[in-house]
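# A structural walkthrough
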Amino acid sequence: MNFINSMAFTVITFVGFTALVALISWWKTRGDNLDTQDGYYLAGRDLTGPVIAGSLLMTNLSAEQLVGNNGQAVRVGMSTMGWEVTSAIALVILAFVLMPKYLKTGLTTIPQFFEQRFDAGTRRLVSIIVLLSYVVIMLPNILYAGAEVFVNIFGLDQMLGISYFAAIAIVCVATAIVGSIYAIFGGLKAIALSDSINGLGLIVGGLLVPVFGMMFLSGQLGGDGSFLDGMDKFLHTDPAYLNSINEATAPEPWLPWPLLLTGLLVNNMYYWATNQSIIQRAFGAKNLKEAQKGAVFAGFLKIMTPLIIVVPGVICALAYPGQDWGNGNSAYPMLVAEVMPKPVLGFFAAVMFGAILSSFNSVLNSASTIYALDIHRPIFNPTASDSRMVKIGQNFGTIVAVISTVMSPFMLYMSGITTFVNSMFAAFNTPIFVCLLCGFFWKRVPSNAAKIIIPVHVVLYVILQFGLRNFIPALHDIHYLYFTAILFVFDMILMWVIVKVNPRPTDFELYDAKAVDMTPWKTGKFWATVTLLIMVGAYIIFSPLGFGKSETSTYERYLESNTTAAVMQTVD
């Protein structure tokens, strides 16, 4: 028993599970031809629904979300589940509205469509925007944020007797090396398979936290320490934390109810239906049926993920009433350290590592894909063979991995700049999605439309988010997704004006590449409806109609505490 509880057993189980994932991924892909464009970048167009769903989920979920979303939940309650649950809407739209068009054209990257629909200049513009966001922001931040979570939960700096910076750097380097092996040498199929296996591990390991957390909650509140008693206390101790419907005027991190089907939906549509690092999994489907299965199943899984990345935060809020959590990031590591049994700590560490890994290797692979196919080939070598493009992508991926690894530990000293830059890149999401949406469904949109919509939107977003917000009191605390919703409507109106003034001379016809079988999933719409009904049910359960009925909301308490603090300060 002492050995099972020892650090040696933790290390063995960690290495064992991580190695098992690598071994299975290698065995399943050992005979694949990675010398072709489809073989390397699209997994040979052979991915099935469950693999697509698992890879979509793991590319989306990361160690940062486990800490960050739970950190928000400990402060505001179940409201943060909106980021997860409403993703089902976007994934259903992806499955049945956009995916038939994507697969019909045989795309490998999103920018390819922008050239088909608009022109080569638009393709390069979108490619550069997306690539910069991946290389400069996403990859270093994935490595840093994941490493910070890993170090905080497992105390690696204290365990190894090194500085916090050194511990961050070690995890960043380890993640980058393993992730690069998958992304550079294994191609998309190896990534997707490892994501699916790590996804199963994340579900099992992640669910252990709320299960043991309920037992801990019971003991904290004077119960018998059982899971059922903990569940009863979770549901009835403080219903305000179980209300996911927030006031329309609530700021971040609350999620105002008007945004659920407006600004948040637009944000989700870009992320799930336009973001290359996500959509590339669906492009690799063996047929339309499997792509639709993968998207719908991923939507169902997203409805379930609050059990892992929201509920533990609420457990912390109930277990430690009145505690000031600051930004909330200490809540999840504290709960894990308190409730996770030592014998499963190594497995949980491997699951956490896999969550960091999956996000990194997915974005790295997508960055290589965009550079090779959307920048290098059309600009520098239009006649290059597929095998040459694979080599170019691998070389670029290696360079990017080294650059992002070197940058990542220093994000420790650049949190303010990182937040600012991330907010800046949010400006590009909506106009890119608007141009894609109108490009598919509006046949007379002219070729110059995207080059007008994107810069105009960016300028207006910057003015609202970083200018007027600071000078107009009414805008100071407004949720930034309101800006997204307003500018989406503006972009659509501007697009209408452009079409009226300068319509395309002839109707755009979508190219049919005949790349895969386009037979749709016969029962897909039934299962999509079931998924959306479960989503609605989740909101009913966690609302004033269900377990969230309370005299005051968490936002009202926040306002009251701020008012009290202001009065006390005036008196002093």
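Structure's up top.
Described in the following lines is the structure provided in the data block. From a predicted model like this one, the values you see are computed outputs, not experimental measurements.

## Considerations on the overall build of the protein chain
Each helix and strand in the protein chain was counted, giving 25 helices and zero strands. Its C-alpha radius of gyration of 24 Å places the protein chain within 12% of the 25 Å reference for a compact globule of 572 residues. Seen along its three principal axes, the alpha-carbon backbone of the protein chain occupies a region of about 70 × 55 × 50 Å. Counting every position in the protein chain, which comprises 572 residues, the buried fraction comes to 56%. Sequence separation of 24 or more characterises 83% of the internal contacts of the protein chain that already satisfy a separation of 6 or more. A total accessible area of about 23,300 Å² is found for the protein chain, and carbon and sulfur atoms account for 67% of it.

## A word on the packing of aromatic side chains
Applying the stated criterion to the full structure yields 18 aromatic pairs. With a centroid separation of 5.9 Å and an interplanar angle of 20 degrees, the aromatic rings of F114 and F118 are classed as stacked. Of the two residues, F114 and F118, neither departs from the other in class, the shared state being buried. Plain terms: the ring middles of W254 and Y555 are 5.3 Å apart, the flat faces sit at 65 degrees to each other, and that makes the pair edge-to-face. Within this pair, whereas W254 is found in the loop between α11 (227-236) and α12 (263-273), its partner Y555 is found in helix α25 (residues 554-571), the two being separated by 301 residues in sequence. Aromatic rings pair up to connect Y102, F113, F114, F118, F283, F440 and F441 into one cluster. Over the aromatic face of F118 sits the side chain of R117, whose NZ or CZ is 5.5 Å from the ring centroid.

## A few points about the packing of helix α4 (residues 63-76) against helix α8 (residues 120-154)
Here α4 crosses α8 at 70 degrees, and the two axes come no closer than 8 Å. With respect to each other, α4 and α8 are oriented roughly perpendicular. When you trace α4 past α8, the crossing you get is left-handed. Facing A63, E64 and V67 of α4, the residues of α8 in contact are A145, G146 and V149.

## Digging into the pattern of salt bridges
Under the counting rule described, the total for this entry stands at ten salt bridges. For R123, the salt bridge is made with D374, and the minimal N-O distance between the two is 2.7 Å. Of the two residues, R123 is situated in helix α8 and D374 in helix α18 (residues 345-380); the sequence distance between them amounts to 251 residues. By the burial criterion, R123 is buried, and D374 matches it. Members of the salt-bridge network, linked through shared partners, are E115, R123 and D374.

## Let's talk about α18
The end-to-end C-alpha separation of α18 is 50 Å, in line with the 52 Å expected for 36 residues at 1.5 Å each. At A372, α18 shows its largest kink, close to 30 degrees. A large share of α18 lies buried, amounting to 32 of its 36 residues.

## Focus: the state of the cysteines
Counted according to the given criterion, the structure contains zero disulfides. For the unlinked cysteine C438, the closest cysteine sulfur is that of C435, found at 7.1 Å.

Conventions adopted
- Residues numbered from 1 in each chain as written.
- Predicted model: local features only at pLDDT ≥ 70, side-chain atom pairs only at ≥ 80, totals over all residues.
- Heavy atoms only, no water.
- Helix = DSSP H or I, 4+ residues; strand = E, 2+ residues; numbered from the N terminus.
- Rg over C-alpha atoms; globule rule 2.2 N^0.38 Å.
- Buried < 20%, exposed > 50% of the residue type's maximum accessible area, 1.4 Å probe, protein only.
- Contact = heavy atoms within 4.5 Å.
- Areas by Shrake-Rupley, 256 points an atom, 1.4 Å probe, with all protein chains shown as cover.
- Phe/Tyr/Trp six-rings, centres within 6.5 Å; stacked < 30°, edge-to-face > 60°.
- Lys NZ or Arg CZ within 6 Å of the ring centre and 35° of its normal.
- Axes fitted to C-alpha atoms, helices over the stretch in contact; angles between N-to-C directions.
- Parallel < 35°, antiparallel > 145°, perpendicular 65-115°, else oblique.
- Left-handed = near helix turned anticlockwise from the far one by under 90°.
- Salt bridge = Lys/Arg side-chain N within 4 Å of Asp/Glu carboxyl O.
- Expected span 1.5 Å × (residues − 1).
- Bend = angle between axes of the 7 residues up to and from the residue.
- Disulfide = S-S within 2.5 Å.

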